[in-house]
Amino acid sequence: MRSAGTITTTLENRQRYDELEREYERVQAALQKLTYFDDLSLVAQHPTPAGLFTSVVVPPPPQGITNTAAFASIYILDSNAGVLYHMPRNGGALEPLLSPNQTIGPTVVGKVKAQAWREDNIVAVAQSGEAGPFTFYFRNGENWGYSALAGSETWGRVPERFRAVNYAGNLYIWGAGESSDQIQKYISGNYGQFPDPWIKDFGGQRTNNALDLAIDGDVYLLQPDSRVLHFQAGTFQNEIKPQGINPPLTTPAGFFVTGDADTGSGSIFLIDFSQRVLEIDKKTGALIQQIRARPDSPFKLEQLTSLYVDTSGPRPVIYMVNGGQILRATMPDRPRPLSVGTPTPEGSPAPTTAPTVSP
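Counting restarts for each chain: residues are numbered from 1 in the order of the written sequence. For this predicted model, a pLDDT threshold of at least 70 governs which residues receive local features, and a threshold of 80 or more governs which side-chain atom pairs are given and counted, while totals over whole chains, interfaces and linings are taken from all residues. With hydrogens and water excluded, all non-hydrogen atoms of the structure serve as input to the side-chain values.

## Some words on the sheet that holds strand β15 (residues 183–186)
Argument step 1. DSSP bridges decide pairing: two strands pair if at least two such bridges lie between them. Put simply, DSSP H or I for four residues or longer makes a helix, DSSP E for two residues or longer makes a strand, and each gets a number counted from the N terminus. Reading across the sheet, the four strands line up as β13-β14-β15-β16 and stay open at both edges, with antiparallel pairing between neighbours. Both edges of this open sheet fall to β13 (163–167) and β16 (196–197), since each of them pairs with a single strand only.
Argument step 2. As paired strands, β13 and strand β14 (residues 170–174) are joined by five bridges and run antiparallel to one another. Bridge pairing in β14 places Val 165 opposite Tyr 172.

## Some words on the confidence of the model for the protein chain
Argument step 1. pLDDT gives the predictor's per-residue confidence on a scale running from 0 to 100. With 93% of its residues at a pLDDT of at least 70, the protein chain reaches an overall mean of 90.
Argument step 2. By definition in these notes, contact holds between two residues if any of their heavy atoms fall within 4.5 Å. For residues 342–359, every residue scores under 50 in pLDDT, and the model assigns this stretch 14 contacts once sequence neighbours within four places are set aside.

## Let's talk about the side chain of Asn 121
Argument step 1. Considering the arrangement of structural elements, one finds Asn 121 in strand β10 (residues 121–127).
Argument step 2. Every residue in contact with Asn 121, bar those within four places of it in the chain, is listed here: Ala 70, Tyr 75, Ala 116, Arg 139 and Gly 141.

## Section: the pairing of strand β23 (residues 277–281)
Argument step 1. Throughout, exposure labels follow a simple rule: accessible area from a 1.4 Å probe, protein chains only, divided by the maximum for the residue type, with under 20% read as buried, over 50% as exposed, and the rest as partly exposed. The buried fraction of β23 amounts to four of the five residues, a majority that puts the element mostly inside the structure.
Argument step 2. In this structure, strand β22 (residues 267–272) lies alongside β23, joined through five bridges in antiparallel fashion. Pairing of Leu 270 across the sheet is with Leu 278, part of β23.
Argument step 3. Two elements, β23 and strand β24 (residues 287–293), share four bridges in a ladder whose sense is antiparallel. In the sheet register, Leu 278 faces β24, and the bridge partner there is Gln 290.

## A short note on the sheet that holds strand β25 (residues 304–310)
Argument step 1. With antiparallel pairing, the four strands of this open sheet are ordered in space as β2-β27-β26-β25. Each edge of the sheet is formed by a strand with only one pairing partner; in this case those strands are β2 (41–45) and β25. For this sheet, the mean angle separating the axes of adjacent strands, direction not counted, is 25 degrees.
Argument step 2. Pairing of strand β26 (residues 317–322) with strand β27 (residues 325–330), which is carried by six bridges, proceeds in the antiparallel orientation. Residue pairing for β27: Tyr 319 is matched across the bridge by Arg 328. The axes are straight lines fitted to the C-alpha atoms, using for helices just the contacting stretch, and the angles between their N-to-C directions are given from 0 to 180°.

## Comments concerning the pattern of salt bridges
Argument step 1. Salt bridge criterion: a side-chain nitrogen from Lys or Arg within 4 Å of a carboxyl oxygen from Asp or Glu. One pass over the structure, following the stated rule, counts twelve salt bridges.
Argument step 2. Arg 89 is the partner of Asp 310 in a salt bridge, and the nearest nitrogen-oxygen pair spans 3.1 Å. One end of the pair, Asp 310, is in strand β25; the other, Arg 89, is in the loop between β5 (83–88) and β6 (95–98), with 221 residues separating them in the sequence.
Argument step 3. Since its relative accessible area comes to 10%, Asp 310 is described here as buried.
Argument step 4. The exposure class assigned to Arg 89 is buried, which follows from its relative accessible area of 19%.

## Quick look at the nonpolar core
If you look at soluble globular proteins, the nonpolar side chains tend to sit buried side by side.
Argument step 1. As used here, the term nonpolar core means buried Ala, Val, Leu, Ile, Met, Phe, Trp, Tyr and Cys residues forming a set that is joined through side-chain atoms within 4.5 Å. Counting 51 residues, the largest nonpolar core has Leu 84 and Met 320 as its most contacted members.
Argument step 2. A total of five residues in this core trace back to one element, the largest contributor, which is β26.
Argument step 3. If we skip the residues at most four places from it in the chain, Met 320 touches Phe 37, Leu 40, Val 277, Leu 304, Ser 306, Leu 307, Gln 325, Ile 326, Leu 327 and Ala 329.
Argument step 4. Core analysis: the second largest hydrophobic core is formed by 17 residues, Phe 134, Phe 138, Ala 176 and Tyr 191 among them.

What follows is the structure, given as structure tokens:
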């Protein structure tokens, strides 16, 4: 009925169909952990018709920070064109914030390859030319400051999986140079000093083909086969393998980790090319829910490549990079187990079949 759309348009039939659809989705959620985005909306559209976004960053709530102007924006990167955009968090115009050939002091900005949030403002990493050195850019009020990244002149042309993550003020680089199996750590404020190779014990794991990097105090690397490698203090701990996913997750595109390693809170959010967002348990890899756009949604999640999960509100909000779109939606409730029925006063289960309805 969904695909054909042939429902006799009487009020009674529409009410019966809506009730049937709600029950169908309830059972589907219980059996397949399948839920839907109910408020999927467009946040930003790329200004170039064929342009593609790479990542989106949403600032967390400010804590102990007086100048909160930067928290009022969200930040969107197009690493192909090398442009970092920003726009008001509540909607508005998308404007370039850092672009190639922009002059900052004596330096000329190259292509922006990565962005990250650092405590009170956005930071970016840009490369000079196609294979030149990299520069770290940070905000000083309304202006940019900069620092050359020591050792980056040897990185050459970096792959699409190049990542920069800021945690506790330190900058972690993935996918750079000949040591592409290593995470390079720059100590906060010491970007002119050579980075520290962060992984000390690989635990026999191959990491040079990892697709993405995430940090919550511990470090996670997403593998092409969907396994997530978990490191702590530079030492391999375990692999987290997604469990119970139907249809199976075969080609992951990226992931996002929420929560804090010290408390063990949060989830891992995975995206693949099957037009869905997967929430899995951070410890066991068990599927919590797989979320899709509704069949009648005007938005098709056909180009998901990156996401950002904002957990600052009463319910998490997901920002998704979908080709040249940034989409936003509230996280659905987690699916409940399928109940057989409610107990009757005599203790026997109530019937699960719906009451007879006259045709």
